[in-house]
Amino acid sequence: MRRFSLGTLLSEAFKGHQGWERQWRSPEPKPAYDVVIVGGGGHGLATAYYLAKEHGLANVAVLEKAWIGGGNTGRNTTIIRSNYLQEESAAIYEHAVKLWEGLSRELNYNVMFSQRGVMMLAHNTHDVQSLRRHVYANRLVGIDNEWLTPDEAKRFCPALNTSPDIRYPVVGAALQRRGGVARHDAVAWGYARAADALGVDIIENCEVVGFQRDAGGAVAGVETSKGEIAATRVGVVAAGHTNVVMARAGLRMPLESFPLQALVSEPIKPVFPCVVMSNTVHAYISQSDKGELVIGAGTDQYVSYSQRGGLHIATHTLEAICELFPQFSRLRMLRNWGGIVDVTPDRSPIIGRTPIEGLFVNCGWGTGGFKATPGSGHVFAHTIATGEPHAINAPFTLDRFRTGRLIDEAAAAAVAH
Amino acid sequence: MLLLDCPYCGRRPEIEFRCGGEAHIARPPEPGTIGDAAWGEFLFYRTSPKGVHAERWLHVHGCRRWFNALRDTMSDKIIATYPMGTPRPALPEAGP
């Protein structure tokens, strides 16, 4: 891997930028690997990177049925925060935020992580109580989160309409200043480049269609559209298609897959300095460095793999955006798309072992997985390499849907998050 | 937006309905005797197929009655709707 630096940039500038090489190889699959990761999104690539970097397992393949970062990694609204209510959730998302803070340097790739602050709005008494509870809970575990009055919220985000006359007036806000956004494609590419440099094979257009088992029932390999690949450890990180992949191993999962939508406006000059979220009116918005307003809408109410959602879902969000930011009502929307998110009953992920020996799963991130990418990959790599969960992902077992030890962010957030 | 054929009211837009998730899941008659794994299966495990899905819908802004629907989760096309208590209909023959 040729490292990026001011020196290489300058030398390339004098050579017309003709000398840049491909950032990762495009190898044919080998007959066998130590570990196979199914799914080449951010979480899968991060898992492969940390397997190679921290656990010395470089004989690793990432199998992606289409192209890397083409699923939910490239479809989310890039929001990063760790202000979750439950201690288990706060721990894993904060683990991720701490990795985000050093990620560009770690990968030698600019993921454009910008800690511009994530502000969550309160519109009624319930919101105030709930968000203040989040603030207190977060501060008790050492995560920054603070309460703002409407005037303070307006100062932090001047575009916000804090008039008392709107349908759902802003009565306060919780602000996590260390929250922010990152460039989601760069996260996939940065991890791919760094993992490839450590010897990981990234194999695109390679769909896993079946699993091979040995006489004892343990995983022996995968059957793919590019032939059979032997591996005694397989990690499935397939987001919305986890159900489909796991069914090929004969396992049912406590997951449902829903379409989640996002949309972007035409690009405008910088007008929006932070991330604003409102669960009550269901809107979240930030401005990308290109100038587009990035807007997240909700999920459809029914199971679907169509990668597009109902127009009324996006309309509902845009109505909320136009009430909170009336000046944006003049903007045209450029693109609208959907991704398929895998949602667990308690809205917390599943990271760990499965009933099949050697088969591991990292799924159930629902509508909020992007923010966890580095932390998720880090603890999942630990789980695969050692066979035991990291302390941070130990509570996020599949078995909790048998024992009842849920991590109930569904009740905590009252909405998809 | 989907158009759903309510068995009682006829064809109406999706915003009049609430989806109630997978259909034909029977509550175990003796929950105390079946063990944690089977109870967890009943509470939390869902099929979520890539293909035909049987699901419950409530016509909440209409007749307020429940019914079932078969829908293709790839195309979101509604294949059939049928009243509660009736068995899942056979799939129609694939057309040209």
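Our subject is the structure listed above.
Please read these numbers as outputs of a predicted model, since none were measured by experiment.

Engineer: How should the overall build of chain A be read in this particular structure?
Structural biologist: Secondary structure assignment for chain A yields 12 helices and 19 strands. Viewed in the frame of its principal axes, chain A has a C-alpha envelope of about 70 × 65 × 40 Å. When the 417 residues of chain A are sorted by exposure, 58% land in the buried category. Residue pairs at least 24 apart in sequence account for 74% of intrachain contacts in chain A once pairs closer than 6 positions are excluded. Summing over all exposed atoms, chain A offers an accessible surface of approximately 16,600 Å²; the carbon and sulfur share of this is 53%. Here chain A contributes 40 positive and 39 negative side-chain charges, whose respective centroids are spaced 4 Å apart.

Engineer: Is there a simple way to think about the pattern of salt bridges in this case?
Structural biologist: Pairs can form between side chains of opposite charge whenever their charged atoms are close. All names here are of chain A. Inspection of the entire model under this criterion finds 23 salt bridges over all chains. The shortest N-O distance in the salt bridge between Arg25 and Asp196 comes to 3.1 Å. Within this pair, whereas Arg25 is found in the loop between α1 (6-14) and β1 (35-38), its partner Asp196 is found in helix α7 (residues 184-197), the two being separated by 171 residues in sequence. Asp196 sits in the buried class, given a relative accessible area of 11%. Arg177 is the salt-bridge partner of Glu146, the closest N and O atoms lying 2.9 Å from each other. Of this pair, Glu146 sits in strand β5 (residues 146-148) while Arg177 is found in the loop between β6 (172-176) and β7 (180-181), placing the two residues 31 residues apart along the sequence. Since its relative accessible area comes to 24%, Glu146 is described here as partly exposed. Look at Arg177 and you get partly exposed, because its relative accessible area is 42%. Each of Glu94, Lys98, Glu101, Asp144 and Arg178 takes part in one network of salt bridges that share partners.

Engineer: Got a minute to help me understand the interface of chain B and chain A in this structure?
Structural biologist: Quite often, the size of an interface is put as the accessible area lost when its parts meet. Contact residues are listed per partner, giving 27 residues for chain B and 26 residues for chain A. Both faces combined, the contact of chain B with chain A buries some 2,200 Å², and carbon together with sulfur accounts for 51% of it. The largest per-residue losses of area from chain B upon contact with chain A belong to Phe44, Tyr45 and Ser48 of chain B, which jointly make up 30% of the total buried on that side. A salt bridge links Glu41 of chain B to Arg252 of chain A; the nearest nitrogen and oxygen atoms lie 2.7 Å apart. Summed over the shared surface of chain B and chain A, the number is 16 residue pairs in polar contact (both at pLDDT 80 or more). Elements represented by at least two residues in the side of chain B that touches chain A include exactly β3 (18-22), α1 (35-44) and β4 (52-58) of chain B.

Engineer: What's the story with the sheet that holds strand β5 (residues 66-72) of chain B in this structure? I'm lost.
Structural biologist: Across a sheet, paired strands are connected by hydrogen bonds in the backbone, their directions being either parallel or antiparallel. All names here are of chain B. The four strands are arranged β3-β4-β5-β6 in an open sheet whose pairing can be described as antiparallel. Looking at strand neighbours, the two that pair on one side only are β3 and β6 (78-83), the edges of this open sheet. Strand-to-strand twist across the sheet, computed as the mean angle between neighbouring axes with direction ignored, equals 30 degrees. In terms of strand pairing, β4 meets β5 through seven bridges, oriented antiparallel. Bridged to Ala54 within β5 is Leu70.

Engineer: What is the right way to look at the packing of aromatic side chains in this model?
Structural biologist: Two aromatic rings are characterised by how far apart their centres lie and by the angle between their planes. In this structure the tally under the stated criterion is 17 aromatic pairs over all chains. With centroids separated by 5.4 Å and ring planes inclined at 65 degrees, the aromatic side chains of Phe401 of chain A and Phe44 of chain B adopt a geometry described as edge-to-face. Of the two residues, Phe401 of chain A sits in helix α11 (residues 400-403) while Phe44 of chain B sits in helix α1, which places them in two different chains. What links up through ring pairs into an aromatic cluster is the set Tyr302 of chain A together with Phe17, Trp57 and Phe67 of chain B. Sitting over the ring of Tyr168 of chain A, Arg167 of chain A keeps its end group 4.4 Å from the ring centre. Sitting above the plane of the Trp66 of chain B ring, Arg56 of chain B keeps its charged end 5.4 Å from the centroid.

Engineer: I would appreciate a short explanation of α7 of chain A in the present structure.
Structural biologist: In an α-helix, one turn spans 3.6 residues, which is why side chains three or four residues apart end up on the same side. All names here are of chain A. Compared with the 20 Å implied by 1.5 Å per residue over 14 residues, the 20 Å span of α7 between its first and last C-alpha is a close match. Here α7 lies mainly inside the structure; 12 of its 14 residues are buried. Residues of α7 that are buried: His184, Asp185, Ala186, Val187, Ala188, Gly190, Tyr191, Ala192, Arg193, Ala194, Ala195 and Asp196. On its buried face, α7 sits against α2 (42-55), α3 (87-101), α4 (103-107), β8 (201-203) and α10 (373-386). Gly199, located one to two residues past α7, shows a positive phi value of around 110 degrees.

Engineer: Help me out: how do you make sense of a nonpolar patch on the surface in this one?
Structural biologist: A grouping of Leu6, Leu9, Leu10, Phe14 and Trp20 of chain A is seen on the molecular surface, where their side chains present a nonpolar patch of about 580 Å² in accessible area. Relative to the helices and strands, Phe14 of chain A is located in helix α1.

Engineer: What am I meant to see in the packing of α2 of chain A against α7 of chain A here?
Structural biologist: A pair of packed helices can be characterised by two numbers: the angle between their axes and the separation between those axes. Residues and elements named next belong to chain A. Where α2 contacts α7, the two axes come as close as 9 Å, and the packing angle between them is 30 degrees. Between α2 and α7, the interaxial angle falls into the category roughly parallel. Two packed elements cross with a definite hand, and for α2 against α7 that hand is left-handed. For the pair formed by α2 and α7, the contact residues are Gly42, Leu45, Ala46, Ala48, Tyr49 and Tyr50 on the first element and Ala188, Tyr191, Ala192, Ala194 and Ala195 on the second. Its residues assigned to classes, the contact of α2 with α7 comprises 10 nonpolar, one polar and no charged.

Procedures and definitions
Residues take numbers from 1 onward in each chain, read along the sequence in its written order. Chain A is the first chain written and ligand 1 is the first ligand written, with later ones labelled in order. In keeping with the model being predicted, local features are shown solely for residues with a pLDDT of at least 70 and side-chain atom pairs are shown and tallied solely at 80 or more, while totals for entire chains, interfaces and linings include all residues. With hydrogens and water set aside, each side-chain value is computed from the structure's full complement of heavy atoms. The way it works is that DSSP assigns letters per residue, a run of H or I at least four long becomes a helix, a run of E at least two long becomes a strand, and they are numbered from the N terminus. Remark: exposure states derive from per-residue accessible area (1.4 Å probe, protein chains only) relative to the maximum for the residue type, with buried under 20%, exposed over 50%, and partly exposed in between. By definition in these notes, contact holds between two residues if any of their heavy atoms fall within 4.5 Å. The method behind every accessible area is Shrake-Rupley, applied with a 1.4 Å probe, and residues are considered shielded solely by the protein chains displayed. Under the counting rule used here, the positive set is Lys and Arg, the negative set is Asp and Glu, and His together with the chain ends is not counted. The location of each charge is read from NZ of Lys, CZ of Arg, CG of Asp or CD of Glu. We define a salt bridge as a contact between a side-chain nitrogen of Lys or Arg and a carboxyl oxygen of Asp or Glu at a distance within 4 Å. Accessible-area loss on putting two parts together, using a 1.4 Å probe and summing over both, is the definition of buried area adopted here. Any pair of N or O atoms that falls within 3.5 Å is considered a polar contact. Within protein, one atom must be able to donate a hydrogen and the other to accept it, and sequence-neighbouring residues count only if both atoms are side-chain atoms. When DSSP finds at least two bridges between two strands, those strands are taken to pair. Helix axes are fitted only over the stretch in contact, all axes being lines through C-alpha atoms; the angle between N-to-C directions runs from 0 to 180 degrees. Planes of paired rings set the category: under 30 degrees apart is stacked, over 60 is edge-to-face and the rest tilted, where pairs are Phe, Tyr or Trp rings (Trp by its six-membered ring) whose centres lie within 6.5 Å. The criterion is that NZ of a Lys, or CZ of an Arg, lies within 6 Å of the ring centre and within 35 degrees of the ring normal, and then a charge sits over that ring. Here the expected span of a helix is defined as 1.5 Å times the quantity of residues minus one. Each patch is built from salt-bridge-free residues with over 30% relative accessible area, joining like charges within 9 Å and nonpolar side chains (Val, Leu, Ile, Met, Phe, Trp, Tyr) within 5 Å. For classification purposes, an angle smaller than 35 degrees is called roughly parallel, one larger than 145 roughly antiparallel, one from 65 to 115 roughly perpendicular, and anything else oblique. When the near helix sits turned anticlockwise from the far one by under a right angle, the crossing is termed left-handed; a clockwise turn instead gives a right-handed crossing. By the convention adopted, Pro, Cys, Tyr, Trp, Phe, Met, Ile, Leu, Val and Ala count as nonpolar, Lys, Arg, Asp and Glu as charged, and the other residues, Gly among them, as polar.

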